2 protein chains.
Amino acid sequence: MILGLEVVLADGTVLSSMNRMLKNNSGYDLKQLFIGTEGTLGVITKAVVRLEPVIARTGTILLAVPGFDGVTALLQSARRMLGSALQAFELMWGSYYDALTGPDGHSPPMERGSPYYVLVETALPASDETMLDDFLTSALEDGLVTDGVVAQSEAQRARIWKVRDDFDAILRSGDTYLFDVSLPIAHMHDYVDRVRDACHAVLPDAIVHVFGHIGDGNLHLFVTPRPGGTASKTDRKAVDECVYAPLGRYGGAISAEHGIGREKRDYLPISRTDAEIDLMRRMKRLLDPDLILNPGLVVKT
Amino acid sequence: MILGLEVVLADGTVLSSMNRMLKNNSGYDLKQLFIGTEGTLGVITKAVVRLEPVIARTGTILLAVPGFDGVTALLQSARRMLGSALQAFELMWGSYYDALTGPDGHSPPMERGSPYYVLVETALPASDETMLDDFLTSALEDGLVTDGVVAQSEAQRARIWKVRDDFDAILRSGDTYLFDVSLPIAHMHDYVDRVRDACHAVLPDAIVHVFGHIGDGNLHLFVTPRPGGTASKTDRKAVDECVYAPLGRYGGAISAEHGIGREKRDYLPISRTDAEIDLMRRMKRLLDPDLILNPGLVVKT
């Protein structure tokens, strides 16, 4: 959604690349040097952002899904039946849903105890009144879901989203580390099991909660190494290893959305090759030879 | 739609950046160095491309529009009423439509002689049967269009697209130069008038035909400097000046889709600043210090 940028380079040059065109193949697309490079190649001082009209009306549905195979079948069905109206497909592992709707959590929009919950949201044009109902009926008939609630009001929609969004209940349960990884959907179930097993091998009481934007291959993991207690630097390192190490075999990414910073820098070789990291270093040296821009972030220099 | 690339660098390094994730913020997004840089920074040897399911059913409509204000109002209406189903909004200036549906051209899907024609295409989910009819009715009622034809068969759809796609009739009318520019929609009408006037000042018989993907701000111009005759190198240079020079004032791009190559290299400063071109040169020197990769393309080195 970024069309143009103004960037101050390390030598003080103001690089104005304030393109407003959706299509522009007039020379190198320089803004890409600065998007997602965490301020290590230049300081962004202006941006041209493409806006989209506010969606007039959304449809929101929460579904209980009995198994992971059903989740992937449901995603395929949503893509087929809802097409470009599909805006969100949020998967919550049952333990995440249960933790957020526990005694001191949110009131559950539907019964707890299902292995998975999926929140689907659509942008509805006027003629699509029945789209979500048809989708739910078909999913129930195919046995992909055991229960479904279509939000009937903005208040009910907000209540459903709270269960996905507002995870304070987890954070209150003890020091908790949040992760942001991506990997192919086909491997997600195995991956989460593997992370749980690895965590339990070193921290027997650790709790792992997971939700994800799985249409994008993106999972967020919450690991509480010592529920009710305080975690140490050693715990942190152990948990990092448990979460990141298995990603290599799946071609996954140690950061889907949030970047590398300093925390994940040592794990970058899990997701990127030596040749890639070498080229990142060469770009860094080209654009910031004196290492004055966010030094130490992303790659060691 | 490009997720990953394998690239051979100038020094022979094989850079494997074959990401398959939709979201990956694990370090610099290196593929962007090679996308759209016309082989000047590396040789792409593999690509991971995101695919979308074939659209099961499309809706196609051709509209006659009496003025340019109507065109922009129609685009707004299409975005509002068709939402994410809108797949194409193709504008043809009347002279383009007339040239392609002339005596030895295609049979016209609707009457010739309108100032503008717009081709709209939608991806229809099952429930959207009436979407295009509603759109046409509303556009007629609002006086935005004077006529409209909804394709009733694949054959009729193909016939409508031929008038947009198959511009051999123009190429047969004499040596013709094709252009690919982008600029804000609000300035398109002025811009085309300005190009026509400029061309006529130096080449009185020149014919300028235009169509565009105007939702993307992208126009394609066809200039035939000497209809029925042969054009010279001097004509070419004169026409290039007429088409490119006015773009600077609109923040437009001398190439929307097709790149710079050698032909447009000298006009790059119309669309890009000195600081930008300098940075492109520094990137070129970093990645290809011996200038062995497509030397001379995009920027002078």
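Residues numbered from 1 in each chain as written. Chains lettered and ligands numbered in written order. Predicted model: local features only at pLDDT ≥ 70, side-chain atom pairs only at ≥ 80, totals over all residues. Heavy atoms only, no water.

Peer 1: I'm lost on unusual backbone geometry in this one. Help?
Peer 2: The phi torsion of most residues other than glycine is negative, and most of the peptide bonds are trans. Even without being a glycine, Glu38 of chain A presents a positive backbone phi close to 60°. Along the chain, Glu38 of chain A falls in the loop between strand E2 (14-17) and strand E3 (43-49). (Helix = DSSP H or I, 4+ residues; strand = E, 2+ residues; numbered from the N terminus.)

Peer 1: Is there a simple way to think about helix H4 (residues 154-165) of chain B in this case?
Peer 2: Each turn of an α-helix holds 3.6 residues, which means side chains three or four residues apart point in the same direction. All names here are of chain B. Helix length check: H4 (twelve residues) gives 16 Å between terminal C-alpha atoms against 16 Å at 1.5 Å per residue, within 8%. Every buried residue belonging to H4 is among Ile160, Trp161, Val163 and Arg164, and all of these are buried. What you see down the axis of H4 is that its buried residues fit within an arc of 150°, all on one side. Exposed positions of H4 whose direction lies more than 90 degrees from the buried face are Glu154 and Ala155. Against the buried residues of H4 lie strand E4 (58-65), strand E5 (86-93), helix H2 (94-100), strand E6 (116-123), strand E7 (147-150) and strand E9 (207-213). (Expected span 1.5 Å × (residues − 1). Buried < 20%, exposed > 50% of the residue type's maximum accessible area, 1.4 Å probe, protein only. Arc of directions from axis to C-beta. Contact = heavy atoms within 4.5 Å.)

Peer 1: Please clarify how helix H6 (residues 188-202) of chain A should be interpreted in this entry.
Peer 2: Residue and element names in this part refer to chain A. With 15 residues, H6 should cover 21 Å at 1.5 Å per step; its first-to-last C-alpha distance of 22 Å lies within 8% of that length. For H6, the complete set of buried residues consists of Met188, Tyr191, Val192, Val195 and Cys199. One face of H6 carries all of its buried residues, which in axial projection span an arc of 95°. Of the exposed residues in H6, those oriented more than 90 degrees away from the buried face are Asp197 and Ala201.

Peer 1: Hey, could you run me through the relation of the copies chain A and chain B in this one?
Peer 2: The two chain copies are connected by a rotation around an axis plus a translation along it. After a rotation of 180° and a shift along the axis of 0.0 Å, chain A superposes on chain B with an RMSD of 0.0 Å. What we have between these two chains is a two-fold relation. (Least-squares fit on C-alpha atoms with pLDDT ≥ 70 in both.)

Peer 1: How do you make sense of the sheet that holds strand E1 (residues 2-8) of chain B when you look at a structure like this?
Peer 2: Sheet strands line up and pair through hydrogen bonds in the backbone, either parallel or antiparallel. Residue and element names in this part refer to chain B. The three strands lie next to each other as E2-E1-E3, forming an open sheet whose pairing is antiparallel. At either margin of the open sheet sits one strand with a lone partner, and together these are strand E2 (14-17) and strand E3 (43-49). Each adjacent strand pair in this sheet contributes to an overall mean axis angle of 15°, direction not counted. (Pairing = 2+ DSSP bridges. Axes fitted to C-alpha atoms, helices over the stretch in contact; angles between N-to-C directions.)

Peer 1: Explain the interface of chain A and chain B to me, please; I cannot follow it from the model alone.
Peer 2: Of the residues lining the interface, 58 residues belong to chain A; the matching set on chain B comes to 58 residues. Both faces considered, chain A and chain B share a buried interface measuring about 4900 Å² in area, 58% of it formed by carbon and sulfur atoms. If you look at where chain A meets chain B, you find four salt bridges. Between Lys23 of chain B and Asp216 of chain A there is a salt bridge; the shortest N-O distance is 3.3 Å. Joining chain A to chain B, the criterion identifies 28 residue pairs in polar contact (both at pLDDT 80 or more). Put simply, the parts of the chain that give the side of chain A that touches chain B at least two residues each are E2, helix H9 (268-271) and helix H10 (274-287) of chain A. Broken down by element, the side of chain A that touches chain B gets its largest block of residues, nine residues, from H10 of chain A. Looking at the side of chain A that touches chain B residue by residue, the classes come out as 27 nonpolar, 22 polar and nine charged. (Buried area = accessible area lost by both parts, 1.4 Å probe. Salt bridge = Lys/Arg side-chain N within 4 Å of Asp/Glu carboxyl O. Polar contact = N/O pair within 3.5 Å; in protein donor to acceptor, adjacent residues only side chain to side chain. Nonpolar A, V, L, I, M, F, W, Y, C, P; charged D, E, K, R; others polar.)

Peer 1: What should I look at first to understand the pattern of salt bridges in this one?
Peer 2: All chains considered together, the criterion is met by 35 salt bridges over all chains. Here Arg272 of chain A ties to Glu276 of chain A by a salt bridge, and the two come within 2.9 Å at their closest N and O atoms. In this structure, Arg272 of chain A and Glu276 of chain A share a single accessibility class: buried. For Asp165 of chain B, the salt bridge identified is with Arg164 of chain B, shortest N-O distance 2.8 Å. For Arg164 of chain B, a relative accessible area of 9% translates into the label buried. Linked by salt bridges that have partners in common, Lys23 of chain A together with Asp216 and Glu257 of chain B make up one network.

Peer 1: So what exactly am I meant to see when it comes to the sheet that holds strand E4 (residues 58-65) of chain A here?
Peer 2: Residue and element names in this part refer to chain A. Read from one edge to the other, the open sheet built from seven strands follows the order E7-E4-E6-E5-E9-E10-E8, with strand pairing classed as antiparallel. Edge positions in the open sheet fall to strand E7 (147-150) and strand E8 (177-182), since each of these has one partner strand only. Adjacent strand axes in the sheet meet at a mean angle of 15°, parallel and antiparallel pairs treated alike. Sheet topology note: the E8/strand E10 (residues 218-224) ladder contains six bridges and is antiparallel. Its bridge partner being in E10, Val181 is matched across the sheet by Leu219. Packed on one face of the sheet, helix H1 (residues 68-82) meets E4, strand E5 (86-93) and strand E6 (116-123) and runs near 170° to E5. The strands touched by H6 are E5, E6, E8, strand E9 (207-213) and E10; relative to E10, the strand with the most contacts, the crossing angle is about 15°.

That's the geometry; what it means functionally is another story.
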